[in-house]
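For reference, the chains in residue letters:
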Protein chains: 2
Amino acid sequence: MKTLTIGQVARESGVGVETIRFYQREGLIATPPRRSAGYRQYGAGVLRRIRFILRGKGLGFSLREINALLSLSLSRGRSCADVKARAHVKIEGIRAQIAALERVKGALERLTDACTARGSASMCPILDALDADVEGDK
Amino acid sequence: MKTLTIGQVARESGVGVETIRFYQREGLIATPPRRSAGYRQYGAGVLRRIRFILRGKGLGFSLREINALLSLSLSRGRSCADVKARAHVKIEGIRAQIAALERVKGALERLTDACTARGSASMCPILDALDADVEGDK
DNA sequence: ATTGGGCCCGTAGCGCAGTACGGTGTCAAG
DNA sequence: CTTGACACCGTACTGCGCTACGGGCCCAAT
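Everything in this summary refers to the structure shown in the same document. (Residues numbered from 1 in each chain as written. Chains lettered and ligands numbered in written order. Predicted model: local features only at pLDDT ≥ 70, side-chain atom pairs only at ≥ 80, totals over all residues. Heavy atoms only, no water.)

### What to know about the protein's contact with DNA strand D
In the vicinity of DNA strand D lie 20 residues, with A:Thr5, A:Gly7, A:Arg21, A:Arg40 and B:Tyr23 positioned nearest. The sugar and phosphate moieties of DNA strand D supply 74% of its atoms located within 4 Å of the protein. A distance of 3.1 Å separates a phosphate oxygen of DNA strand D from a polar side-chain atom of B:Lys57. Contributing elements (two or more residues each) for the surface near DNA strand D: α1 (6–13) of chain A together with α2 (17–25) and α4 (63–74) of chain B. If one sorts the elements of the surface near DNA strand D by residue count, α2(B) sits on top with five residues. Considered class by class, the residues forming the surface near DNA strand D number seven nonpolar, five polar and eight charged. (Near = heavy atom within 4 Å. Polar contact = N/O pair within 3.5 Å; in protein donor to acceptor, adjacent residues only side chain to side chain. Helix = DSSP H or I, 4+ residues; strand = E, 2+ residues; numbered from the N terminus. Nonpolar A, V, L, I, M, F, W, Y, C, P; charged D, E, K, R; others polar.)

Below is the structure:
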C-alpha cells in the first residue's frame, strides 16, 4: 500500500502543509507513523479525513465542533441522534444569525433610502442616525 | 463646563474603562486634555462619540469602517454620497452573508430530514455526507 | 494620616484558524 | 557529490475587539 508525504497530501487535498500539521496538533488528524528520517507517512484515509473537515467547515461547523462530530462517528454503537441534535443546534444558530443580519440590513436600507446623497456630510441622514445629537464635536 | 473622568464616561456609556483607552489608542476617540495628575478630562462630546461607535457596531460596521465614517463626518463640505456608498457596500456584503447562510441552512436541513436518528452513528446520513466514502478510518 | 477606591501606563492574553519564519536534516536526480 | 526541493521542529505572528494584569500614583473621605 503506497503512502503519501505531507506535501502530497497537501497537494491532493488542496490545503497547506502547515494546515495539516496544525490539524494534527489540534487532534483532528491522527498522528501518522513516520519513516526512519521522521517524515510523516500517510495512508489514503487522511484525504477522506481532510475532506470531512473541509465539508464540515463548509456547513459552518467550527473545528471544535468538527472534532466532536469525528469522535461521535468513531464511537460505534452510539446513536446518530447525537449528530442530529448538533445539526439542529447549528441550524438554530444560523437562523438567529440570519435574523440579526436581516434586521441590520433593514435598518441600513431605510437609512440609505432616506439619503438623497445631495447635501454635505453634515446633513447626511445616515451619519445623523449614528450621531444622534446634531452638533459639531469640538 | 463640567468634565468627566474616564470612569464616569465608562459608567454613562456602558462600556469599560479599558475599552475607552482602547478606542483612544485606535484613534476612534480623540486624546483628551489631562488634569495636572494626568487624569483624562472628558467633555460631554465623548459620550456622543461612543454612542456613534456603538450604533455603528450594531449596524455591522467594523471599528475600521466606523473610523472611516467618522473621518467622513468630520470633513465638512464633503458629500454625503460617500457615506451612502459605504452603506451600500455594507448592504451588499450582508446580502451575500445571508445568502451563504441560507445555503448552509438548506444543506443542514436536508441532511437532518434524511436522518431518522434511529441507526448507529455508522449509518448516520449526516456523517455519511461529511465522510463521503463509507469505511472505517483505521 | 490612613484607607479605599480610581486612575495612570505598557504589555500580555483570549479565541479562532490558520500562516509564516528560521534553522536544520533528508532525499532523489543529475 | 552536489544541488534543489522537500521535510522536520518550535515559536511567533496575523486580524478583530477587547479584557486582564501588575505596579505605581492620586484623591476624597474618615
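### What about the protein's contact with DNA strand C?
What surrounds DNA strand C is a group of 20 residues, the closest being A:Thr19, A:Tyr23, B:Thr5, B:Tyr39 and B:Arg40. Protein-proximal atoms of DNA strand C, defined as those within 4 Å of the protein, fall in sugar or phosphate at a share of 69%. Measuring from a phosphate oxygen of DNA strand C, one finds a side-chain N or O atom of B:Thr5 at 2.5 Å. At the level of secondary structure, the elements contributing two or more residues to the surface near DNA strand C comprise α2 (17–25) and α4 (63–74) of chain A together with α1 (6–13) of chain B. Element by element, the count of residues in the surface near DNA strand C is highest for α2(A), at five residues. Residue classes in the surface near DNA strand C are distributed as seven nonpolar, five polar and eight charged.

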